[in-house]
Structures are given as structure tokens and as C-alpha cells.
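Given next are the chains, with one letter for each unit.
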Amino acid sequence: MNTQFKKGALELCVLSKLADSDRYGYDLTEEISSDMTIATGTLYLILKRLKDEDRVSTYLQESENGPARKYYHLTDSGRQYQEELKAEWKSFVSAVNGIVGI
Amino acid sequence: MTKVEYMAQLRSGLCGFDKEVRDEIISDYEEHFDEGIALGKSEDEICKELGSVEELVEELKEIGNKKKAFDFSSIDFDKYTEKFAKTLGSIGAAVYRGAGTVADKADGVVQEATAFAKMVAKGFEESMAAHGTKEEKSEDGTDGTQE
């Protein structure tokens, strides 16, 4: 899949998964990288950046058999940002589709 | 590749970045490996999924560069406006009173202008050191994940 398309959309994808529920790193990254081929490392960078921007917060939660997992949670600002990005994506895709003839 | 080999590569690649950044990435990757291994994945497979350390470092550098935008809001422009006005006056005086040829007068102008430029540069440097820099966003609102 085209790298340029992916890069633009990844942040929205990460935010959208978190809009549904809090997720821990492995689970979230596995799910996204199964839908589109992407280096998992890139996703962790995106998550870190979102955290630095206070769009996402993290907390630790014990898992049954193993060490504590780091969970990602969408903040209010993150939720608002996701909605803005989603709207922008929608109009962008619609514009491109119009031009391309889809 | 084994986890040990990959993590060694990662640690080496992250040299030179902030400790906070290094620690967080290493911790995330450690956790990712632990989870994958617990689910029966091979270390080699996990390494492949995580992707190239080189590319990760490149992406980190890009983000880092974006963050070095100078924070102009930290500058006291009034101070420079006043000084600039005085410098213009000095330049005018240097030209008016300047001895000898046009070239000599030009020297006077250059001296005043250079003194002013040095003052501005010093002020900007001090401002950056005191106030830090802020993250720059490109025009379209993204900050580097799009080209």
C-alpha cells in the first residue's frame, strides 16, 4: 500500500481505535498493523507523540499472568481532535474521489 | 533476529536522543516483545513486525527537527524597536559626520549595523535558552507524518 496515503491516515486510525475504548500497546498496534501493513514501531512513535500533546494519556494495569500493561486513553482534547481529523479526512477523501472519478 | 540483538540495535540507534524518549521507546518495545512471546510468536517475527530501527531513528530525527522551531513569542520586540530607531539615528549621524570619502562613511554605517545585528542575535540566543523552543506544525496541521 502507498506509503504517503498511510502516513497521513495513521494518526486518525490510532485515535479512532482509542475513541472506542482504552487499549494497551500490543493489542492496539497488532490490530492496526493487521488492517494495513505498517511497521509497529511507527505506531509507538505516533502514540508517544499523541501523549506528549496530551491527546492521549497512559496508565498501568496489571494483567492476569504477566507484568503490568501500559494502557492508552483518549483525553477530551484527543477526542475533539479525532473528530476534527475525521471530518477533514472525509472531505479530503470526497474531494479526491471526485477528481479521480470514484 | 533475536530480541536481544534487536534491542541492542535499538539502544544503539537511540543514542543521542533524550533519555526520556529513549526510556519510553525501549520500555514500549520490551512490553511489545513480552506480549508477543507470551502469545507464542517467535522473536524473529516480532522483530520484523516492529520494523527497521534505522527507519525509526530517521522518523525520530524528523520529529526532533520539527520541534526546533524558534519561539518568537518569547522575544521582547519593543526593546529591539527602540534600539533599531537609535541605530538608524547613529547610522545617520555616522554618514553625516563621517570623515572623508563615501567608503569611510560606509564603514561607519557597517559598524553601527553590525553592532545592532550582534545585539539581536545575542538576544535571540538568550531567549531560546531561557524559553526553549516550541513544536512547529506545518501548514496543513500535521507535524511530519505526511510528506
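Residues numbered from 1 in each chain as written. Chains lettered and ligands numbered in written order. Predicted model: local features only at pLDDT ≥ 70, side-chain atom pairs only at ≥ 80, totals over all residues. Heavy atoms only, no water.

Turning next to the overall build of chain B. Broken down by element type, chain B carries six helices and zero strands. Sequence-ordered secondary structure for chain B, helices as α and strands as β, is α-α-α-α-α-α. Relative to its full complement of 147 residues, chain B shows a buried share of 31%. Here chain B displays about 9400 Å² of accessible surface, and carbon together with sulfur accounts for 57% of that area. (Helix = DSSP H or I, 4+ residues; strand = E, 2+ residues; numbered from the N terminus. Buried < 20%, exposed > 50% of the residue type's maximum accessible area, 1.4 Å probe, protein only. Areas by Shrake-Rupley, 256 points an atom, 1.4 Å probe, with all protein chains shown as cover.)

Here we take up the sheet that holds strand β2 (residues 56-61) of chain A. Strand order in this open sheet of three strands is β1-β3-β2 (chain A), and the pairing throughout is antiparallel. Each of the sheet's edge strands pairs with one partner strand only, and the pair in question is β1 (23-24) and β2 of chain A. Across the sheet, helix α2 (residues 19-38) of chain B touches β1 and β3 (69-74) of chain A, and the angle it forms with β3(A) is around 115°. (Pairing = 2+ DSSP bridges. Contact = heavy atoms within 4.5 Å. Axes fitted to C-alpha atoms, helices over the stretch in contact; angles between N-to-C directions.)

For the rest of this paragraph, the subject is the interface of chain B and chain A. Contact with chain B, which involves 27 residues of that partner, is made by 24 residues of chain A. For the pairing of chain B and chain A, the buried interface totals around 2400 Å² over both sides, and the portion due to carbon and sulfur atoms is 46%. For the pair chain B and chain A, the number of links is seven salt bridges. Note that Lys41(B) and Glu30(A) form a salt bridge whose closest N and O atoms lie 2.5 Å from each other. Across the chain B-chain A interface, the total number found is 13 residue pairs in polar contact (both at pLDDT 80 or more). Contributions of two or more residues to the side of chain B that touches chain A are made by α2, α3 (43-50) and α4 (53-66) of chain B. Split into classes, the residues belonging to the side of chain B that touches chain A amount to eight nonpolar, five polar and 14 charged. (Buried area = accessible area lost by both parts, 1.4 Å probe. Salt bridge = Lys/Arg side-chain N within 4 Å of Asp/Glu carboxyl O. Polar contact = N/O pair within 3.5 Å; in protein donor to acceptor, adjacent residues only side chain to side chain. Nonpolar A, V, L, I, M, F, W, Y, C, P; charged D, E, K, R; others polar.)

The next point concerns the confidence of the model for chain B. Residues and elements named next belong to chain B. With 80% of its residues at a pLDDT of 70 or more, chain B has an overall mean of 81. Counting interchain partners and residues more than four positions distant, the pLDDT-below-50 stretch residues 135-147 has 24 contacts. Scored as a whole, the predicted complex attains pTM 0.68, and scored at its interfaces, ipTM 0.91. (pLDDT = per-residue confidence, 0-100.)

What follows concerns the environment of Lys70(A). Looking at the element boundaries, Lys70(A) is found in strand β3. Linking Lys70(A) and Leu60(A), residues 10 residues apart in sequence, is a C-alpha distance of 4.6 Å. In this structure Lys70(A) touches Arg23(A), Tyr24(A), Gly25(A), Thr58(A), Tyr59(A), Leu60(A), Glu24(B), Asp28(B) and Glu31(B), once residues within four positions along its chain are discounted. Among the polar contacts listed, one links the side chain of Lys70(A) to the side chain of Asp28(B), at a separation of 2.8 Å.

A few words now on the side chain of Thr75(A). Residues and elements named next belong to chain A. With respect to the helices and strands, Thr-75 occurs in the loop between β3 and α4 (76-100). Classification of Thr-75 by relative accessible area gives buried; the value is 18%. From its side chain, Thr-75 meets the backbone oxygen of Asp-54 in a polar contact 2.7 Å long.

The next point concerns the side chain of Arg23(A). All names here are of chain A. Take Arg-23: it is sitting in strand β1. When its relative accessible area of 10% is taken as the criterion, Arg-23 is described as buried. A distance of 2.9 Å separates polar atoms of two side chains, one belonging to Arg-23 and the other to Asp-27. Looking at Arg-23, its side chain comes within polar contact range of the side chain of Glu-31, at 2.7 Å. Residues in contact with Arg-23, not counting those within four places in the same chain, are Lys-17, Leu-18, Leu-28, Glu-31, Lys-70, Tyr-71 and Tyr-72.

We now examine the nonpolar core. Side chains of nonpolar character tend, in soluble globular proteins, to be buried together. Ranked by internal contacts, the top residues of the largest apolar core, which has 38 residues, are Val14(A), Leu18(A), Tyr6(B), Leu10(B), Ile25(B) and Tyr29(B). Sorting elements by how many residues they give to this core places helix α3 (residues 40-52) of chain A first, with six residues. Aside from chain neighbours lying at most four places away, what touches Tyr6(B) is Met1(B), Tyr29(B), Phe33(B), Cys47(B), Leu50(B), Gly51(B) and Val53(B). (Core = buried A, V, L, I, M, F, W, Y, C linked by side-chain atoms within 4.5 Å.)

Looking at where Thr3(A) falls in the secondary structure, it is placed in helix α1 (residues 3-20). According to the relative accessible area criterion, Thr3(A) is partly exposed, its value standing at 47%.

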